[in-house]
Amino acid sequence: MVKKQKNSINYTTNSELSTDARKVIIIVVCVAVLLIAMYFLTTRILEKQNNDTEVTELPIQYDQILAGSSFNQQQEEYLVIYYDATDEYSSLPSLVSSYQSGDHDIKLYSVDLSDVMNAKYLTEGDVVTDNPSSLRVKDPTVLRFRNQEVSEVITDMNEITSLLSE
């Protein structure tokens, strides 16, 4: 009888081992499948992000300046227009753009008065053009510079429109 008990114990142990081994194999296979799926999922996401974040170089734009640098341009004669570029009811942005893209003898620089850096130069009072630190302009204003000094001030919208339309 002792042998029968050993055989039955061994049989039960073998059965338990095969069941435990089967569970371990199933868990290992599930974990491996999960890891492989995560690998492919992350590589696709990273590839998509790399494609979406391509760097495009923007051309350097020299026509728009800060109001404080109005007196520092290199040309002997040039114009600077001060206006609110965000005003959707104004025709000035399109006039300025067409003037700047055209072939004119006098260079036109633009100053966006809606920019925070230019806000301190905006006034409702008189236009002051003595020097960069005391500069105050209305919306819109065109200043003509000759040898880094203001030679003409235009604040009338009709005059500005005709100047930019030439």
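Worth saying up front: this structure is predicted, and the values here are computed from it rather than measured.

Please set out the side chain of Asp-63 residue by residue, giving values where relevant.
With respect to the secondary-structure elements, Asp-63 resides in the loop between helix H1 (2–52) and strand E1 (77–83). Look at Asp-63 and you get buried, because its relative accessible area is 19%. Polar contacts involving the side chain of Asp-63 include one to the side chain of Lys-107, which spans 2.4 Å.

Talk me through the sheet that holds strand E2 (residues 107–112); I want residue IDs and the actual numbers.
Strand order in the open sheet formed by four strands is E2-E1-E3-E4, and the pairing between neighbours is mixed. Of all the strands in the sheet, just E2 and strand E4 (149–154) have a single pairing partner and so form its edges. On average, adjacent strands in this sheet sit at an angle of 25° to one another, irrespective of strand direction. The pairing of strand E3 (residues 141–146) with E4 spans five bridges and is classified as antiparallel. Paired with Phe-145 across the strands is Val-150, a residue of E4. Contacts from helix H3 (residues 157–165) reach E1, E2, E3 and E4 within the one sheet, and its direction differs from that of E3 by about 55°.

About the criteria used
Residues numbered from 1 in each chain as written. Predicted model: local features only at pLDDT ≥ 70, side-chain atom pairs only at ≥ 80, totals over all residues. Heavy atoms only, no water. Helix = DSSP H or I, 4+ residues; strand = E, 2+ residues; numbered from the N terminus. Buried < 20%, exposed > 50% of the residue type's maximum accessible area, 1.4 Å probe, protein only. Polar contact = N/O pair within 3.5 Å; in protein donor to acceptor, adjacent residues only side chain to side chain. Pairing = 2+ DSSP bridges. Axes fitted to C-alpha atoms, helices over the stretch in contact; angles between N-to-C directions. Contact = heavy atoms within 4.5 Å.

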